[in-house]
Amino acid sequence: MHQEQDIPTLVRGYLDHLSIERGASPKTLDAYEHDLRLYVEYLDQAGVTSFDQVSMQDVSVFEGYLRQEKRYAPSSTKRILSAVRGLHRFLVSEGELEANPADAVPLPKLPQHLPDVLSVEAVGRIMEVPNTSSPLGMRDRAILEVLYGCGLRVGELCSLDLGDLFLDQGYLRIRGKGGKSRISPISGQALSWIRSYAVDSRPLFARKAALTPSAVFLNSRGGRLSRQSVHKMVAKAGADAGFSSLHPHTLRHSYATHMLAGGADLRVIQEVLGHADLSTTQIYTHVDQSHIREEYLSAHPRA
């Protein structure tokens, strides 16, 4: 028989497991710690002193407490309950509990928000905005083309180093969420513009840096381009093309939707986007279907 441990010690053991064995980032660990602190505080108020006293009803009442008393949105409630489920699953695997009382408590259903998607024509108009006769304009065109052409997140684009470019082979090495790396194909306009930028513009920026920079995309002082700068540039390009509040993620969403409409397999899109779960990628099937409906309504004579 193992010695029974108190609740805070077991929670700390779970957080250590996430950090050491699962490789969770500091930001992810902070989120788990915050969510599980709420749970531990609730159990304390309910007079529960050990995890083997927790029943399915306790977790169900905690879910109601989050929604009704704490006024958490369904997305936040779902996230917290997922953390609770993970904690109890870990305790079962460690032999601290015989069963997971949180498994039988359904997670809240979230309203589905379809991502904003641009038409192919709209993407083309945005790409034409930068003045590519200037080094900055060439850099910005390359950024827009790569964001859309490879479906990258802003952080992934900004973290690209020269060693991640395999342009002759037609791919990039991407460092995604949680430190996971993946390969992204690059071709066509994206490949053409990143080549032009690397040869004609980047050396002009790199010269201004005190140390030889490793980043692919540089600011005017030769340092690594920040996410905020990319957000501002994309928003300005969108505004100049007639689209207010354009977000870089919209280019990523548009890439995925256009790939699906062009016949790409959903699992291929999942791999290229770096989604851990196929269900995340499946939202684009709904986007594609909504586009089909719009086409039907505009084209069918009796729609």
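Calculation rules
- Along each chain, numbering runs from 1 in the same order as the chain's sequence is written.
- Given that this is a predicted model, residues contribute local features only at a pLDDT of at least 70 and side-chain atom pairs are listed and counted only at 80 or more, while totals for whole chains, interfaces and linings are drawn from all residues.
- To get the side-chain values, take all heavy atoms of the structure and skip hydrogens and water.
- For two strands to be treated as a pair, DSSP must find no fewer than two bridges joining them.
- Runs of E in the DSSP output that reach at least two residues are strands. Runs of H or I that reach at least four are helices, and both are numbered from the N terminus.
- The cut-offs for exposure are 20% and 50% of the maximum accessible area for each residue type, with area from a 1.4 Å probe on protein chains only; residues under the lower value are buried, those over the upper are exposed, and the others partly exposed.
- Think of a salt bridge as a Lys or Arg side-chain nitrogen and an Asp or Glu carboxyl oxygen that are within 4 Å of each other.
- For this analysis, a nonpolar core means a set of buried residues of the types Ala, Val, Leu, Ile, Met, Phe, Trp, Tyr and Cys, connected via side-chain atoms within 4.5 Å.
- Any two residues having at least one pair of non-hydrogen atoms within 4.5 Å are treated as being in contact.
- Whenever a helix is involved, its axis is fitted only over the stretch in contact; in every case the axis is a line through C-alpha atoms, and angles between N-to-C directions fall within 0 to 180 degrees.
- An angle below 35 degrees is treated as roughly parallel, one above 145 as roughly antiparallel, one from 65 to 115 as roughly perpendicular, and anything else as oblique.
- Throughout this entry, Asp, Glu, Lys and Arg are counted as charged residues, while Ala, Val, Leu, Ile, Met, Phe, Trp, Tyr, Cys and Pro are counted as nonpolar. The remaining residues, Gly among them, count as polar.

**So, the sheet that holds strand β2 (residues 171-175)**
Working step 1: Pairing within the open sheet is antiparallel, and its three strands lie in the order β1-β2-β3. Strands with a single pairing partner mark the edges of an open sheet, and in this sheet they are β1 (165-166) and β3 (181-185).
Working step 2: Where β2 and β3 come together, five bridges link them in antiparallel fashion. Residue pairing for β3: L172 is matched across the bridge by S184.

**Digging into unusual backbone geometry**
Working step 1: Even without being a glycine, R71 presents a positive backbone phi close to 60°.
Working step 2: Among the secondary structure elements, R71 is positioned in the loop between α3 (56-69) and α4 (74-93).
Working step 3: Its relative accessible area of 68% is what places R71 among the exposed residues.
Working step 4: The backbone phi angle of S245 is positive, close to 55°, even though this residue is not glycine.

**Considering the pattern of salt bridges**
Working step 1: Enumeration over the complete set of coordinates arrives at 15 salt bridges.
Working step 2: Residue D240 is joined to K236 by a salt bridge in which the shortest nitrogen-to-oxygen separation is 2.9 Å. Of this pair, D240 and K236 both sit in helix α9 (residues 227-240), four residues apart, roughly one helical turn.
Working step 3: For K236, a relative accessible area of 53% puts it in the exposed group.
Working step 4: One connected set of salt bridges, linked through shared partners, spans D161, D164, R173, R175 and R224.

**Quick word on the environment of E128**
Working step 1: Within the element layout of this structure, E128 appears in the loop between α5 (120-127) and α6 (135-150).
Working step 2: Taking the C-alpha atoms as reference, E128 lies 9.7 Å from L144; in sequence the two are 16 residues apart.

**Digging into the nonpolar core**
Working step 1: Judged by nonpolar contacts, the single largest core of 44 residues is most densely connected at V146, L157, L172, I186, F217 and V230.
Working step 2: Secondary-structure elements contributing two or more residues to this core are α5, α6, α7 (154-158), β2, α8 (188-206), α9 and α10 (248-261).
Working step 3: Residue contributions to this core peak at eight residues, all from α6.
Working step 4: With near-sequence residues (within four places) excluded, L172 lies in contact with V146, C150, L160, D164, L165, L167, R182, I183, S184 and I186.
Working step 5: Counting 29 residues, the second largest nonpolar core, distinct from the first, contains Y39, V54, F90 and L91.

**A word on the packing of α6 against α9**
In helix packing, the relevant descriptors are the interaxial angle and the interaxial distance, both defined with respect to the helix axes.
Working step 1: The interhelical angle for the contact between α6 and α9, taken along N-to-C directions, is 90°, at an axis separation of 11 Å. With respect to their mutual orientation, α6 and α9 come out roughly perpendicular. Contact with α6, carried on its side by D140, I143, L144 and L147, involves V230, M233, V234 and A237 of α9 and no other residues of that element.
Working step 2: Of the residues that constitute the contact of α6 with α9, the class distribution is seven nonpolar, no polar and one charged.

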